[in-house]
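Commentary on secondary and tertiary structure
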Amino acid sequence: MSEQPTHVRPDGRRVVVAGAVESRGRLLSARRSRPASLAGGWELPGGKVEPGEDPAAALVRELREELGIDVDVVGQVPGPLDGDWPLDEASVLRVMRCRIERGEPAAGIAHDDVRWLAPGSLADVAWLEPDVAPVAAAADRLGTWVSFPAGEVSGEGRVLRADPLGDGRWAVVVDRTPFHPLDHSWPDQPGDTGSLAGLAVVDSLTGAVDDEGSLLLGDAVGVRRGDPSRTWVVVHVVDSPERPDLVGDVVGLEVDAVRRAEYSRGHSACHLAALALNEASAGFWSKEPPRRDSRGFPFLDQIAIQVSRIEPDGAYDAYRCGRSLRKAGFDSAGFLAALDEVTGQAHALLDSWVASGAASRLDTAGDPTLPARRSWICDVPGGPAVIPCGGTHVRELSALGQVRVSYATTTDGFEQRTTVVPPS
Ligand SMILES: [Zn+2]
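All of the points below concern the structure found in this document.

Rules behind the numbers
- Residues numbered from 1 in each chain as written.
- Predicted model: local features only at pLDDT ≥ 70, side-chain atom pairs only at ≥ 80, totals over all residues.
- Pairing = 2+ DSSP bridges.
- Helix = DSSP H or I, 4+ residues; strand = E, 2+ residues; numbered from the N terminus.
- Axes fitted to C-alpha atoms, helices over the stretch in contact; angles between N-to-C directions.
- Buried ≥ 20, exposed ≤ 12 C-beta atoms within 10 Å, placed from the backbone.

With respect to topology, three strands assemble into an open sheet ordered S20-S21-S22, the strand pairing being antiparallel. Of all strands in the sheet, those bounded by a partner on one side alone are strand S20 (360-363) and strand S22 (385-388). Taking each pair of neighbouring strands and ignoring which way they run, the sheet shows an average axis angle of 20°. When S20 meets strand S21 (residues 375-378), the two strands line up antiparallel, connected through four bridges. Within the sheet, the bridge partner assigned to Asp363 lies in S21 and is Ser375.

A few words on the pairing of strand S1 (residues 14-23). Side chains on a regular strand alternate between the two faces of the sheet. The buried fraction of S1 is high, at eight of ten residues. Pairing of S1 with strand S7 (residues 91-102) involves nine bridges; the strand directions are parallel. Note on S7: the bridge partner recorded for Ala20 is Arg97. Note: S1 against strand S4 (residues 46-48), three bridges, orientation antiparallel. Considered in S4, the bridge of Val17 is made with Gly47. With two bridges joining them, S1 and strand S2 (residues 26-32) adopt antiparallel strand pairing. Bridge pairing in S2 places Glu22 opposite Leu27. Between the antiparallel neighbours S1 and S2 lie two residues, among them Arg24 with a positive phi of about 50°.

Pasting the structure below:
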């Protein structure tokens, strides 16, 4: 008995592999330089599977040979022929989703140009006919581009899908959005509300699309935000008695800007309160702490945090002062006995920072996708604040007016309530 060969399907058609290579929410296209019949046409790069070769390994080899990149194959773009796409009488195209591990794609022998295409610009190149359908399917798997890190509250996006959530609610996914979604793995800031194509958006969530094309939400996501096996999208929870007939349409998106501003102030103040806590508690460490913040102070906020909840014009944080914190050299008892002095010092710091009017922004390192690594950066006096964060913030600290904190002991540590008194 012989095993089914890897380069030919049971129906006798040869397998040609192609990469839907994605980086920062963009899809890689390559222009054929040969043979003459295909020259000038754009394709998803790849090539033939050799006898005995694993298709994924064949794709990795082809992309290294043709474009000088090392890729990780993370999934498939399933087509209509048992998962494959029609190519010609004798062969099929098997399209696999790839992430670049190393290298920048460059034209070689088989291609004379390469281009990264963003959502909405995929028609900018003349695709070879067999690539048109898989490219459209791959485009839906680029994930949502988000503009909330830049502080945007309105924009346009193309609707990719609308899935039923029950009770007259729909999960609408677009290719670009200003909406900030709740993060399923660190749900500190609630999702934005607003409108989409005039329909009420009552919540927004982080969603993940799996290789079967199913949209997963909440606990069903099963992996941390950014896991490459999933496509990460913003889900707009839309109220509508019937399925919104919007797939393929470009729609307007409007975030409730007043509510957003309340949470942005709350989130920014939460960061400042964390930095103030770090500085005001620095004297209670007797050893080098496990972590220091960007300003050089022991990072008590990150080391001891249990719960963080961003609220309109405020925040709630709960910290645990257990045995491990004491072993790390933190005098919890001394600190908890001195909460009044800590509060006074924190207020002095918060007042000076807000008075500085320092600019505050979210750095995305040029990655517009939802799972990008983002950092909140704020040039407060005494050293810049840099905190990994996926929320929304004020543009300058003067927008906070006044920030106040209060501490209280709890059964296993303490809690911090942060309140913003915005300028009138
Ligand atoms: Zn933040």
